[in-house]
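Listed below, chain by chain, are the residues.
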Amino acid sequence: MPVNAGKAAMVRERRSKACAMRTAGESWQTIADALGYGSRGAACKDVGIALRESLTELKQTTDELREQSIARLEDMYRKAKAIFDAEHVKVSGGKVVRDSMEDPETGERLLDGYGKPTSNVPLKDAEPKLRALDRMLRIEQQLAVLQGTAAPTKVEQSGSVNYVIEGVDMEKLK
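Residues numbered from 1 in each chain as written. Predicted model: local features only at pLDDT ≥ 70, side-chain atom pairs only at ≥ 80, totals over all residues. Heavy atoms only, no water.

Participant: Is there a simple way to think about the nonpolar core in this case?
Facilitator: The nonpolar side chains of soluble globular proteins are, as a tendency, buried together. By size, the foremost hydrophobic cluster in this structure holds nine residues: Ala18, Cys19, Met21, Ile31, Ala32, Tyr37, Ala43, Val47 and Ala50. At the level of secondary structure, the elements contributing two or more residues to this core comprise helix 1 (5-23), helix 2 (28-35) and helix 3 (40-85). (Core = buried A, V, L, I, M, F, W, Y, C linked by side-chain atoms within 4.5 Å. Buried < 20%, exposed > 50% of the residue type's maximum accessible area, 1.4 Å probe, protein only. Helix = DSSP H or I, 4+ residues; strand = E, 2+ residues; numbered from the N terminus.)

The following block contains the structure:
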């Protein structure tokens, strides 16, 4: 039997008040008496239901945020990969740096009709690819954390702990 919206709102309101009262330290009986529960057990049960619903809503919200973050990271990864896949040329002073052609026999630079060295191929620039690769790796690490596939972080503890109990002579206990 479906619960109507008005009754559902009243139930949520009463549960909210019961949770607030319990958080403030009120006893189950006080909560039951103040909010019209049939018994302190009914008040306790209702607070438990409210807490489980809150946890479910929190988990759903967390899952939605995680999915949104994953989608954004995947988009960033695609953009970084496009930069990695593209060809990049070296630029200096706003001009493309080219490899000057040399005569294979003499090793002298060949000149064009204006007396300037001829150029053939623009020099490749690996820096944008390396930066994109670095970014892709960092995105993959973040994705692994969000998706739960990252290896757990190992923590090594060193040292010792000494306990002192005030008023007790530890030597007498040995």
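Participant: Before we go on, may I ask you to explain the pattern of salt bridges in this structure?
Facilitator: Pairing is possible between side chains that carry opposite charge, provided their charged atoms lie close to one another. This structure, assessed with the given rule, holds 11 salt bridges. Lys17 serves as the salt-bridge partner of Glu13, at 3.9 Å between the closest nitrogen and oxygen. One end of the pair is Glu13 and the other is Lys17, both in helix 1 and four residues apart, which spans about a single turn. Salt-bridge contacts for Arg131 lead to Glu127; the nearest nitrogen and oxygen are separated by 2.9 Å. Note that Arg131 and Glu127 are positioned in helix 4 (residues 127-147) at a spacing of four residues, about one turn of the helix. By relative accessible area, which is 58% here, Arg131 ends up exposed. When salt bridges with common partners are traced through the structure, they connect Arg15, Asp46 and Glu53 into a single cluster. (Salt bridge = Lys/Arg side-chain N within 4 Å of Asp/Glu carboxyl O.)

Participant: Honestly, helix 1 in this entry has me stumped. Any pointers?
Facilitator: Side chains of residues three or four places apart in an α-helix project in the same direction, reflecting 3.6 residues per turn. Across its 19 residues, helix 1 extends 27 Å between first and last C-alpha, which sits within 8% of the 27 Å expected from 1.5 Å per residue. The set of residues buried in helix 1 consists of Arg15, Ala18, Cys19 and Met21. One side of helix 1 carries all its buried residues, which in axial view fall inside an arc of 160 degrees. Projecting away from the buried face of helix 1 at angles above 90 degrees are the exposed residues Ala5, Met10, Arg12 and Thr23. Residues of helix 1 that are buried in the fold lie against helix 2 and helix 3. Near the N-terminus of helix 1, the side chain that reaches the backbone nitrogen of Gly6, with its oxygen 3.2 Å away, is that of Asn4. Just beyond helix 1, the residue with positive phi is Gly25, at close to 100 degrees. (Expected span 1.5 Å × (residues − 1). Arc of directions from axis to C-beta. Contact = heavy atoms within 4.5 Å. Polar contact = N/O pair within 3.5 Å; in protein donor to acceptor, adjacent residues only side chain to side chain.)

Participant: Before we go on, may I ask you to explain helix 3 in this structure?
Facilitator: Helix length check: helix 3, at 46 residues, gives a terminal C-alpha distance of 67 Å against a target of 68 Å (1.5 Å per residue), a fit within 8%. By the burial criterion, the buried members of helix 3 are Ala43, Asp46, Val47, Gly48, Ala50, Ser69, Ile70, Leu73 and Ala80. Those residues of helix 3 hidden inside the fold are in contact with helix 1, helix 2 and helix 4.

Participant: Sorry if this is basic, but what is going on with the packing of aromatic side chains here?
Facilitator: Two numbers describe a pair of aromatic rings. These are the distance of the centres and the angle of the planes. Counted under the stated rule, the structure contains zero aromatic pairs. Seen from the ring of Tyr37, Arg14 lies directly overhead, with NZ or CZ sitting 3.8 Å from the centre. (Phe/Tyr/Trp six-rings, centres within 6.5 Å; stacked < 30°, edge-to-face > 60°. Lys NZ or Arg CZ within 6 Å of the ring centre and 35° of its normal.)

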